[in-house]
Amino acid sequence: MNTEHEASASVLHERRGGVLTITLNRPARKNAVDHEVAARLASVSDRLDAGPELSAGVLTGTGGVFSRPSPGRRPTPRSSDQP
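Residues numbered from 1 in each chain as written. Predicted model: local features only at pLDDT ≥ 70, side-chain atom pairs only at ≥ 80, totals over all residues. Heavy atoms only, no water.

Colleague: Requested: an account of the pairing of strand 3 (residues 19–24), with residues and values cited.
Modeller: Across six bridges, strand 2 (residues 11–16) lies against strand 3 in antiparallel orientation. Considered in strand 3, the bridge of His13 is made with Ile22. Once strand 2 ends, the chain turns through two residues before running back antiparallel as strand 3, passing Gly17 with a positive phi of about 60°. In the classification by handedness, the crossover that spans strand 3, the intervening helix 1 (residues 35–45) and the parallel strand 4 (residues 56–61) is right-handed. (Pairing = 2+ DSSP bridges. Helix = DSSP H or I, 4+ residues; strand = E, 2+ residues; numbered from the N terminus. Right-handed = clockwise from strand over helix to strand, strands pointing away.)

Here it is in structure tokens:
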């Protein structure tokens with residue numbers, strides 16, 4: 001099985017066979033996605049489209065929390081949320 005592992009401060013990723021697991025690694029901030037994390041996620045996610053060797057991606061978070069909005073940002077209502 002081909003295993004590749006690379007870490008940055010905020011995003012981890014690991015390849016096992018045809019699966020790329022991407023982990024948000026900011027448990028103290030409840031894995032909030034800021035501009036830096038979003039850019040890192042985009043960069044790592046590009047690997048999924050790079051070739052046929054990856055067939056699936058899994059996105060997860062550390063610390064028992066998947067993610068929350070970045071501090072100071074309010075969620076934007078979707079059109080389906082409007083009355």
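Colleague: Can you explain the pattern of salt bridges? Please cite residues and give values.
Modeller: For the coordinates displayed, the defined rule picks out two salt bridges. In this structure, Arg16 engages Glu14 in a salt bridge whose closest nitrogen and oxygen atoms are separated by 3.0 Å. You can call Arg16 partly exposed: its relative accessible area is 46%. For Glu14, a relative accessible area of 23% corresponds to the partly exposed category. In this structure, Asp34 and Arg26 form a salt bridge, with 3.3 Å as the shortest nitrogen-oxygen distance. (Salt bridge = Lys/Arg side-chain N within 4 Å of Asp/Glu carboxyl O. Buried < 20%, exposed > 50% of the residue type's maximum accessible area, 1.4 Å probe, protein only.)

Function cannot be inferred from these measures alone, as they are strictly geometric.
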